[in-house]
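Fold and geometry: a report
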Amino acid sequence: MRELPQELLLPPGLVPDVAPAVPATPRDAATVMLLRDGDAGVEVFLQRRVLGMAFAGGMTVFPGGGVDPRDADASVAWAGPPPEWWAERFACSPELARALVCAAVRETFEESGVLLAGPSADSAVADTAPFTAARAALVARELSLAGFLADRGLVLRADLLRPWANWVTPPEEPRRYDTRFFVAVLPGGQRADGWTTEASDAVWQTPAQALADWRDGRRMLMPPTWVALSELAGFRGVADVLVAERVVDKIIPKVVRDGDEVRVVLP
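What counts and what doesn't
- Residues numbered from 1 in each chain as written.
- Predicted model: local features only at pLDDT ≥ 70, side-chain atom pairs only at ≥ 80, totals over all residues.
- Heavy atoms only, no water.
- Helix = DSSP H or I, 4+ residues; strand = E, 2+ residues; numbered from the N terminus.
- Rg over C-alpha atoms; globule rule 2.2 N^0.38 Å.
- Areas by Shrake-Rupley, 256 points an atom, 1.4 Å probe, with all protein chains shown as cover.
- Lys, Arg positive; Asp, Glu negative; His and termini not counted.
- Charge placed at Lys NZ, Arg CZ, Asp CG, Glu CD.
- Buried < 20%, exposed > 50% of the residue type's maximum accessible area, 1.4 Å probe, protein only.
- Pairing = 2+ DSSP bridges.
- Arc of directions from axis to C-beta.
- Salt bridge = Lys/Arg side-chain N within 4 Å of Asp/Glu carboxyl O.
- Core = buried A, V, L, I, M, F, W, Y, C linked by side-chain atoms within 4.5 Å.
- Disulfide = S-S within 2.5 Å.

1. Let's talk about the overall build of the chain
In terms of helices and strands, the chain carries seven helices and 13 strands. In terms of overall size, the chain behaves like a compact globule, its C-alpha atoms giving a radius of gyration of 18 Å where 267 residues would be expected to give roughly 18 Å. Dimensions of the chain, computed from the C-alpha atoms along their principal axes, are close to 55 × 45 × 35 Å. Accessible surface computed for the chain: about 12100 Å², of which carbon and sulfur atoms make up 53%. Averaged over its 27 positive side-chain charges, the chain has a centre that lies 1 Å from the centre of its 36 negative ones.

In structure tokens form, the structure reads like this:
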């Protein structure tokens, strides 16, 4: 685990001056680091969250969000490592593991238009344009991932994902998430877009470029995002990322105050 730099501060207002007497129960969530090979090496898809959002407004993040109860639907057509395999990697129940993988696929599609599914267990859709209406219905919670995939005869491709990390929001924060991080490679023929009301812009960048933007004040990063980008910066290509050996431990940072500045330290 990389040490966090002293200048990596939490945005004002994220942590209340007085910690809750009883810490909030973290909500299960999934986030996906979507990757592709570029001329300068590995590139990752990043979105800047809209200012004023209740959580991490203005911060640059990967696509992701909270688990929907319907993500646990066992009727989803599934290809790749079974929920039991994911449960072992994320130290959770198979039922939660299934929901986390489904949430990762659903949120990636909702927020970037990239769909980690295909008509068979060894293929992925090459053009998601025909699913625009379904994407909007998923965002509006008018449609479940299981219903969408079944209607279109699609198979969820769990084998296109890899487990990466598990971060839990510090207990001092009022909104807490138990977030599992995944990596996935952009399927051939698909493109990631910025069509989401939660993001003000979206861009592909090398991890080094994103970190340089942070150092120069052009981006704000949360500690988990900074660590993930720093780790990805050490890989030459997406093939190397996919075969990287990862031990996923639950990381719960601690909030520290230094005058008006608030930062986190890692355990």
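2. Notes on helix α6 (residues 223-232)
Across the 10 residues that make up α6, a large majority, 10, are buried. Within α6, burial applies to Pro223, Pro224, Thr225, Trp226, Val227, Ala228, Leu229, Ser230, Glu231 and Leu232.

3. Some details on the pairing of strand β13 (residues 261-265)
Relative to β13, strand β12 (residues 254-258) runs antiparallel, the two being bridged by five bridges. Its bridge partner lying in β13, arginine 257 is registered against valine 262. As consecutive antiparallel partners, β12 and β13 are separated by two residues, and within that stretch glycine 259 has a phi angle of approximately 70°, a positive value.

4. Remarks on helix α5 (residues 207-215)
The set of residues buried in α5 consists of Pro207, Ala210, Leu211, Asp213 and Trp214. All buried residues of α5 lie within an arc of 155° about the axis, which places them on one face of the element. Looking one or two residues beyond α5, the residue adopting positive phi is glycine 217, at roughly 80°.

5. Re the pattern of salt bridges
Taken as a whole and judged by the stated rule, the model has 20 salt bridges. Residues arginine 36 and glutamate 43 are paired through a salt bridge, measuring 2.6 Å at the closest nitrogen-oxygen approach. Overall, arginine 36 belongs to the partly exposed group, its relative accessible area being 30%. Overall, glutamate 43 belongs to the buried group, its relative accessible area being 14%. In this structure, the salt-bridge partner of arginine 141 is glutamate 107, at a minimum N-O distance of 3.7 Å. Here the residue arginine 141 occupies a position in the loop between α3 (132-139) and α4 (145-152), and glutamate 107 occupies one in helix α2 (residues 94-112), the gap between them amounting to 34 residues. By relative accessible area, which is 34% here, arginine 141 ends up partly exposed.

6. Quick notes on the sheet that holds strand β5 (residues 78-79)
On the basis of which strands lie adjacent, the open sheet formed by three strands has the order β5-β7-β6 and mixed pairing. Strands with a single pairing partner mark the edges of an open sheet, and in this sheet they are β5 and β6 (117-118). As paired elements, β5 and strand β7 (residues 155-157) share two bridges and run parallel to each other. Note on β7: the bridge partner recorded for tryptophan 78 is leucine 156.

7. Points about the nonpolar core
With 43 residues, the main nonpolar core has Leu115, Phe148, Leu156, Leu161 and Phe182 as its most contacted residues. Of all the secondary-structure elements, those providing two or more residues to this core are β1 (27-38), α1 (83-90), α2, α3, α4 and β9 (177-185). No other element matches the nine residues that α2 contributes to this core. In terms of nonpolar packing, the next biggest core, distinct from the first, is built from 35 residues, Val42, Phe62, Ala210 and Val241 among them.

8. Digging into the state of the cysteines
Summed over all chains, the structure comprises zero disulfides. Just so you know, cysteine 102 is unpaired, no disulfide at all, and the nearest cysteine sulfur is the one on cysteine 92, 12 Å from it.

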